[in-house]
Amino acid sequence: MARPRALVVEDSPEFMLLCQHLLEKEGFDVVVATDGRGAVEQAQKERPDIAILDLGLPDVDGIEVCRQIRQFTDAYIVMVTGRTDELDKVVGLSVGADDYVTKPFSPRELAARIQAMRRRPRNSAAGQSTAIREYGKLRIDPEVREVTLDGQVLELTKIEFGILDLLSSAPRRTFTRGQLLEDVWGDNWYGDDHIIDVHVGNLRKKLGESASSPRHIRTLRGVGYRFEPDPGATR
């Protein structure tokens, strides 16, 4: 059986070696790149299952690299940043990253996040209906993992689709952040639940709505989220 492949994109020798050794220990064959252009080339050639992508690269930054890679691969992408600016994390997730870690990070933390992502199903969760769902102008096809709004296909990340798929599978049922994490991220998620809010915010933008003017995704303060089948639903 072929071993899974990983791509490490990092211009710091210290962090490159840390990630490389960790991934090899986790059973991956690892390829590396030290700049953005090399990262895109390696991703096209190797088709990795997971990519560890540094935000601050010497040529093309990690955000643009993530955007380009996401155009041709469904690999799990973890962004690595040396800055604590929340905007970096939000932008990284909005272009298709699945998760992020901030330097300095421990090998244990990164390993736990990688393990959680590998448990995450790429298809609809067990027990959920794969029948096409239509709510006004919103159409969700779990079988082919496609969402259209007003006839236009929405470019959703794996996480965004997973959230929408789960919420829309049980309209008007409230899902806690913990339930969303368990279903979409995996039951051994290592990290805080704030990441849910970032992904939901990105999903809302693509659905043409916002927290203050929701059409489908309603926030239950202090609890979680629920899906409203009525396009005219208000918060």
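Residues numbered from 1 in each chain as written. Predicted model: local features only at pLDDT ≥ 70, side-chain atom pairs only at ≥ 80, totals over all residues. Heavy atoms only, no water.

A short note on the nonpolar core
Ranked by size, the top nonpolar core spans 47 residues in total, and within it M79 and I163 carry the most contacts. Each of two domains, domain 1 (5-119) and domain 2 (133-227), supplies a minimum of three residues to this core. Dropping the residues within four chain positions of it, M79 is found in contact with L53, L55, G62, I63, C66, A97, D99, Y100 and V101. In terms of nonpolar packing, the next biggest core, distinct from the first, is built from 20 residues, L22, I50, Y76 and A111 among them. (Core = buried A, V, L, I, M, F, W, Y, C linked by side-chain atoms within 4.5 Å. Buried < 20%, exposed > 50% of the residue type's maximum accessible area, 1.4 Å probe, protein only. Domains from an automatic or database assignment. Contact = heavy atoms within 4.5 Å.)

Notes on the sheet that holds strand β4 (residues 76-81)
In spatial order, the strands read β2-β1-β3-β4-β5; together these five strands make up an open sheet with parallel pairing. For this open sheet the edge positions go to β2 (29-33) and β5 (99-102), each flanked by a neighbour on one side alone. Between one strand axis and the next, the sheet turns by 20° as a mean value, whatever way the strands run. Packing of helix α1 (residues 13-25) onto the sheet brings it into contact with β1 (5-9), β2 and β3 (50-54), and relative to β2 it is tilted by some 165°. (Pairing = 2+ DSSP bridges. Helix = DSSP H or I, 4+ residues; strand = E, 2+ residues; numbered from the N terminus. Axes fitted to C-alpha atoms, helices over the stretch in contact; angles between N-to-C directions.)

Things to note about the environment of R67
Tracing the chain through its elements places R67 in helix α3 (residues 62-70). On the basis of relative accessible area, R67 is assigned to the partly exposed category, the value being 35%. Sequence spacing of R67 and V40 is 27 residues, and the spatial spacing of their C-alpha atoms is 10.0 Å. Here the side chain of R67 touches E64 through a polar contact of 2.5 Å, side chain to side chain. (Polar contact = N/O pair within 3.5 Å; in protein donor to acceptor, adjacent residues only side chain to side chain.)

Details of the pattern of salt bridges
Per the counting criterion, the structure on display carries 17 salt bridges. When the shortest N-O distance is used, the salt bridge between E160 and K206 registers 2.7 Å. Taken together, the residues span a long stretch of sequence, with E160 in helix α6 (residues 158-169) and K206 in helix α8 (residues 194-206) at a distance of 46 residues. E228 is the partner of R226 in a salt bridge, and the nearest nitrogen-oxygen pair spans 2.9 Å. Classification of R226 as buried rests on a relative accessible area of 18%. Taken together, the shared-partner salt bridges in this structure form one network comprising R172, R218, R226 and E228. (Salt bridge = Lys/Arg side-chain N within 4 Å of Asp/Glu carboxyl O.)

With respect to the UniProt feature "modified residue: 4-aspartylphosphate" (unreviewed entry) in the protein chain
UniProt feature "modified residue: 4-aspartylphosphate" (unreviewed entry): in the numbering of this structure it lies at D54. Note on placement: D54 falls in strand β3. Excluding anything up to four places from it in sequence, D54 contacts V9, E10, D11, G62, V80 and K103. (UniProt positions renumbered as here; feature names shortened; annotations may be inferred.)

Concerning the packing of α6 against helix α7 (residues 177-185)
Between α6 and α7, the least distance of the axes is 10 Å, while the angle of their chain directions is 120°. Taken together, the axis directions place α6 and α7 in an arrangement best described as oblique. α6 and α7 meet at a crossing whose hand is right-handed. Residues I159, G162, I163, L166 and L167 of α6 pack against Q179, L180, D183, V184 and W185 of α7. Within the contact of α6 with α7, the residues separate by chemical class into seven nonpolar, two polar and one charged. (Parallel < 35°, antiparallel > 145°, perpendicular 65-115°, else oblique. Left-handed = near helix turned anticlockwise from the far one by under 90°. Nonpolar A, V, L, I, M, F, W, Y, C, P; charged D, E, K, R; others polar.)

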